[in-house]
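Listed here are the chains, written in short residue letters.
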Amino acid sequence: MPRSVNRVSAFRNAHACTCTLVALASAIALYACRGSAERVSEPSVGASAAATTGPSWRPNYERPTIVDVHAHLSSRAVDQVSQVLDANGIGLIVNLSGGTIGRGAKRNAEWSTRDPRIVNFANVEWRARNVEGFGEFAAKSLEIAVKRYGFKGLKISKALGLFLTTPDDSRIPVDWPELDPLWRMAGTLGVPVAIHTGDPKAFWEPVDEHNERYAELSVHPNWSFHGPAFPSREQLLAERERVIARHRGTTFICVHFGNNPEDITAVDRFLDANPNAVLDVSARLPEIGRHPADVVRRFFIKHQDRILFGTDLGLTPSMIMLGSTGEDEPTLSDVKPFYDAHWRYFEGSERQISHPTPIQGDWKIDAIALPEPVLRKLYQTNALKLLKATLPQRTETSGETKIDAPATPTVKPAQ
Ligand SMILES: [Zn+2]
């Protein structure tokens, strides 16, 4: 179908958006829900007056070392990234903007070798999409990224489905058959595909004061997909589901709570129907937290083996993104309150608290007080299993902190 919008500029604009901040940037056994929910005990939130440790919203709780599976990092921001990891108890962070073989992969692999807390996902060289054999080329590129550079997965941006076109200006759908070799290769290599399809429901609504994301869309008018130039959100999600159904040997991380946090019932059905799909929670706490706390809590307990912690943190030398961006530029001192807002939501039991990304909506959320074993899976162990990774160990030598590579050897980049 011919598109009437300027796809080139739309694509370019997409790189300023939530999920493509930095540069152009199996099959894990899906851990079937084992019903351990019944065995976990309720947290004693606020129960102990004698509590001396832990956050105020969860006395005596000791948070495990965190794995953040959704970030966009620049290797030129090494110091800032280190500071953020240290200050927020993050032992491993996934840089979804790892780059392509021709652009950025080697540099990011070297960074990861120096600081094994950084894990890279590869991006696709979409500029080659209209060259014959593109699907096989993309698959081979992923294989090189994984085997030569030690990359741990593949990241697909929302450009697929929304902006990418063929030479006759037809939209390339998410389930474009040309990409089947790529999805298959991820399964063969045993690395997950983090796939961003669609966006918040409100981005398809008219951009006016009635739109609940008006503040965000006012700053970023090119984030709007309202009107006939764009496929519907439902169509995009259906295309994504067809890909997932066609490739059961590949694990898909459906980022942003499957990009359907507005409809938790639909996400529940989606997970039930697709055993090779998992979610991350990045940049969607406002929507998730709007549902009744008991409903969300049940969802997280039911799917406790299939939800990953992520934030959509972006860090470059010139820019910080905390789930989204607005007119006000955040500073490094804003990063810890951003992470704290996540802990407070998952761990505490308070009602009507602030969510981590104020520009995403002028409302409050209700915390869900997850049981401790569920928190551990969300924060750490689900991601470690999926990434087949272990946490790098920190050692102190003569006042200097050194971070040792995990026991699982990482592949050194080729020279
Ligand atoms: Zn992102």
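Just so you know, these numbers come straight off a predicted model, no measurement behind them. (Residues numbered from 1 in each chain as written. Predicted model: local features only at pLDDT ≥ 70, side-chain atom pairs only at ≥ 80, totals over all residues.)

Moving on to the overall build of the protein. If you tally the helices and strands in the protein, you get 14 helices and 12 strands. Per-residue burial over the protein gives 45% buried out of 415 residues. (Helix = DSSP H or I, 4+ residues; strand = E, 2+ residues; numbered from the N terminus. Buried ≥ 20, exposed ≤ 12 C-beta atoms within 10 Å, placed from the backbone.)

One finds Leu 142, Ala 186, Val 193 and Ile 253 to be the most contacted residues of the largest nonpolar core, which totals 99 residues. With 7 residues, helix 14 (residues 372-387) is the single largest residue contributor to this core. If sequence neighbours within four positions are ignored, Val 193 has contacts with Gly 153, Leu 154, Ile 156, Trp 183, Ala 186, Thr 250, Phe 252 and Ile 253. (Core = buried A, V, L, I, M, F, W, Y, C linked by C-beta atoms within 7 Å. Contact = placed C-beta atoms within 7 Å.)

Our next topic: the sheet that holds strand 6 (residues 252-254). The strand order 8-7-6-5-4-3-2-1-9-10 describes an open sheet built from 10 strands, whose pairing is mixed. Of all the strands in the sheet, just strand 8 (307-308) and strand 10 (319-322) have a single pairing partner and so form its edges. As paired elements, strand 1 (residues 66-73) and strand 9 (residues 313-316) share 3 bridges and run parallel to each other. Across the sheet, the residue bridging to His 72 is Gly 314, located in strand 9. (Pairing = 2+ DSSP bridges.)

Right, let's get into the environment of Arg 58. Looking at the element boundaries, Arg 58 is found in the loop between helix 1 (7-14) and strand 1. Arg 58 gets classed as buried once you count the C-beta atoms within 10 Å, which come to 25. A C-alpha to C-alpha distance of 8.1 Å links Arg 58 and Arg 344, two positions 286 residues apart in sequence.

Let us now look at the confidence of the model for the protein. For the protein, per-residue confidence averages 85 on the pLDDT scale, and 82% of positions sit at 70 or higher. Low pLDDT, under 50, characterises residues 1-49; the stretch is placed with 103 contacts to residues that sit more than four places away or in other chains. (pLDDT = per-residue confidence, 0-100.)

Here the focus is unusual backbone geometry. Notably, Asn 259 is not glycine yet its phi reads approximately 50°, a positive angle. Among the secondary structure elements, Asn 259 is positioned in the loop between helix 9 (255-258) and helix 10 (264-273). One non-glycine residue, Ala 369, adopts positive backbone phi at about 40°.

For helix 8 (residues 233-246), with 14 residues, the first-to-last C-alpha span of 20 Å sits near the 20 Å given by 1.5 Å per residue. For helix 8, the secondary structure elements touched by its buried residues are helix 5 (159-162), helix 6 (180-189), strand 5 (193-195), strand 6, helix 10 and strand 7 (277-280). (Expected span 1.5 Å × (residues − 1).)

Turning next to the pairing of strand 2 (residues 90-95). Among the 6 residues that make up strand 2, 6 are buried, leaving the element largely enclosed by the rest of the structure. Handedness of the crossover joining strand 1 and strand 2 through helix 2 (residues 78-88): right-handed. Inspection of the sheet shows strand 2 paired to strand 3 (residues 118-122) by 3 bridges, in the parallel sense. Following the sheet pairing, Asn 95 is matched in strand 3 by Asn 120. (Right-handed = clockwise from strand over helix to strand, strands pointing away.)

A word on the environment of Trp 183. Relative to the helices and strands, Trp 183 resides in helix 6. Overall, Trp 183 belongs to the buried group, with 25 C-beta atoms counted inside 10 Å. Trp 183 sits 41 residues away from Leu 142 along the chain, and the two C-alpha atoms are 9.9 Å apart. Among all residues touching Trp 183, those that are not within four sequence positions of it are Val 193, Val 243, His 247 and Thr 250.

Moving on to helix 12 (residues 293-302). For helix 12, every residue scored as buried is listed here: Val 296, Arg 297, Phe 299 and Phe 300. The buried residues of helix 12 occupy one face: seen down the axis, they fall within an arc of 160°. In helix 12, the exposed residues that point more than 90 degrees away from the buried face are Asp 294 and Val 295. Tucked inside the fold, the buried residues of helix 12 contact helix 10, helix 11 (285-288), strand 8 and helix 14. (Arc of directions from axis to C-beta.)

With that settled, the discussion passes to the environment of Trp 57. Mapped onto the elements, Trp 57 comes out in the loop between helix 1 and strand 1. Measuring from C-alpha to C-alpha, the distance between Trp 57 and Arg 344 comes to 6.4 Å, with 287 residues separating the pair along the chain. Discounting chain neighbours no more than four positions away, the residues touching Trp 57 are Arg 344, Glu 347, Gly 348 and Glu 350.

It is at 7 Å that the axes of helix 4 (residues 134-147) and helix 6 come closest, and there the two elements cross at 25°. By the criterion of interaxial angle, the relationship of helix 4 to helix 6 is roughly parallel. Crossing of helix 4 over helix 6 shows right-handed handedness. Note on element contacts: helix 6 touches helix 4 through Asp 180, Pro 181, Leu 182, Met 185, Ala 186 and Leu 189, opposite Gly 135, Glu 136, Ala 138, Ala 139, Leu 142, Glu 143 and Val 146. (Axes fitted to C-alpha atoms, helices over the stretch in contact; angles between N-to-C directions. Parallel < 35°, antiparallel > 145°, perpendicular 65-115°, else oblique. Left-handed = near helix turned anticlockwise from the far one by under 90°.)

Moving on, we come to the pairing of strand 7. Every second residue of strand 7 is oriented toward a common face, with Ala 277 and Leu 279 on one face and Val 278 and Asp 280 on the other, all of them buried. Strand direction decides the pairing type here: strand 6 and strand 7, joined by 3 bridges, are parallel. The residue bridging Ile 253 from the neighbouring strand is Val 278, located in strand 7. For strand 7 and strand 8, the ladder comprises 2 bridges, and the chain directions are parallel. Following the sheet pairing, Leu 279 is matched in strand 8 by Ile 307.

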